Amino acid sequence: MTTIGPLKIAPIRGSVSEAEWHARLDLAACYRLCEHFGMSDMIYTHISARVPDSPNHFLINPNGLFFGEITASSLLKVSMEGEILYRPDLPYGLHPAGFTIHSALYRARADVMAAMHTHTIAGMAVSALKCGLLPLTQTATRFHGRIAYHDFRGPERDPAERDALATSLGSLNYCILRNHGLLTVGESMPEAFIAMWGLERACQAQLQAMACNTELEIPSPEVVAKSCAMYAPGASRRYGPLEWQGLLRRIDAIDPSWRE
Ligand SMILES: [Zn+2]
């Protein structure tokens, strides 16, 4: 039993499949990492994972726990239609905007196994720039030409918004939700997290450079294209798996309760 103040979360490891449990562990870890690295927004925004052996279902946070409180057993399991298949004994349910955004991704893309969405200051600020993310740094060139932009039409609570978001994302894995924040998807939770890590830092670096009131040094299109190509899928190792074990050691050293 995990105790968070007056809240008690029963362990469910023995009552879900191994595949679901591992997805729960990686997702709970990602919430803790998001909090640890300053990318959370209190209880707002959502990170999710598809259930590997039940692909029409996905895991997402109960709307009310802070990201630093999330455990593997505390995550909701929901269907693409919004039916809650598992809910811990907490006074928290499914956030409608979280459901809209994340179900849109899993419905549209069979390859997507994990998705991460943030409202960081840097992400929101770049999302409000007409120029979007510029290839100003090596880190930013990883995303050059690979970012979708999705226009803001108010909080995503309308089911019709799911098709619009899927259309905006297409086959890309990174999205700037204009006037809103950042979104990454991946074939695994580590991939989605490491992509968000890079995208976040690229946004931070761009804003700090643009704030210096001096001329910017933008690499030539040839250099941007060369750098971008070196980050192309298949051109280098997969980002995520190598970093993930170190990241888990980091949060284990702080508080291993996410594993419960
Ligand atoms: Zn949001």
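In this text, all values refer to a predicted model and were calculated from it rather than measured experimentally.

1. Structural notes on unusual backbone geometry
If you check the backbone angles, Thr-45 has positive phi at about 65 degrees while not being a glycine. Here Thr-45 is to be found in the loop between α1 (18-36) and β3 (47-50). By relative accessible area, Thr-45 is classed as buried at 3%.

2. Describing the sheet that holds strand β4 (residues 57-60)
Either a parallel or an antiparallel arrangement is found when strands of a sheet pair, and the pairing is made through backbone hydrogen bonds. Read from one edge of the open sheet, eight strands run β6-β5-β4-β3-β7-β10-β9-β8, paired in mixed fashion. Single-partner strands in this sheet number two, and they are β6 (84-86) and β8 (147-150). Going from strand to strand, the sheet's axes swing by 25 degrees on average, the running direction of each strand aside. For β3 and strand β7 (residues 114-118), the ladder comprises three bridges, and the chain directions are antiparallel. Bridge pairing in β7 places Ala-49 opposite Ala-114. Sitting on the sheet, helix α6 (residues 189-210) touches β3, β7, β8, β9 (174-177) and β10 (181-186), and the angle it makes with β10 is about 150 degrees.

3. Describing the UniProt feature "domain: Class II aldolase/adducin N-terminal" (unreviewed entry) in the protein chain
As annotated in UniProt, the feature "domain: Class II aldolase/adducin N-terminal" (unreviewed entry) corresponds to residues 25-207 in the numbering used here. Annotation note: span residues 25-207, helix share 36%, strand share 19%, distance between end C-alpha atoms 34 Å.

4. With respect to the coordination of the zinc ion
Coordination of the zinc ion by the protein is provided by His-117 (NE2), His-119 (NE2) and His-180 (NE2), with metal-donor distances spanning 2.0 to 2.1 Å. Spacing between the donor residues of the zinc ion along the chain follows H-x1-H-x60-H. Note that His-117 is positioned in strand β7 and His-180 in the loop between β9 and β10, a separation of 63 residues in sequence. His-180 matches His-117 in its accessibility class, with the two residues each being buried.

Procedures and definitions
- Residues numbered from 1 in each chain as written.
- Predicted model: local features only at pLDDT ≥ 70, side-chain atom pairs only at ≥ 80, totals over all residues.
- Heavy atoms only, no water.
- Helix = DSSP H or I, 4+ residues; strand = E, 2+ residues; numbered from the N terminus.
- Buried < 20%, exposed > 50% of the residue type's maximum accessible area, 1.4 Å probe, protein only.
- Pairing = 2+ DSSP bridges.
- Axes fitted to C-alpha atoms, helices over the stretch in contact; angles between N-to-C directions.
- Contact = heavy atoms within 4.5 Å.
- UniProt positions renumbered as here; feature names shortened; annotations may be inferred.
- Donors = N, O, S within 2.8 Å, 3.2 Å for Na, K, Ca; no water.

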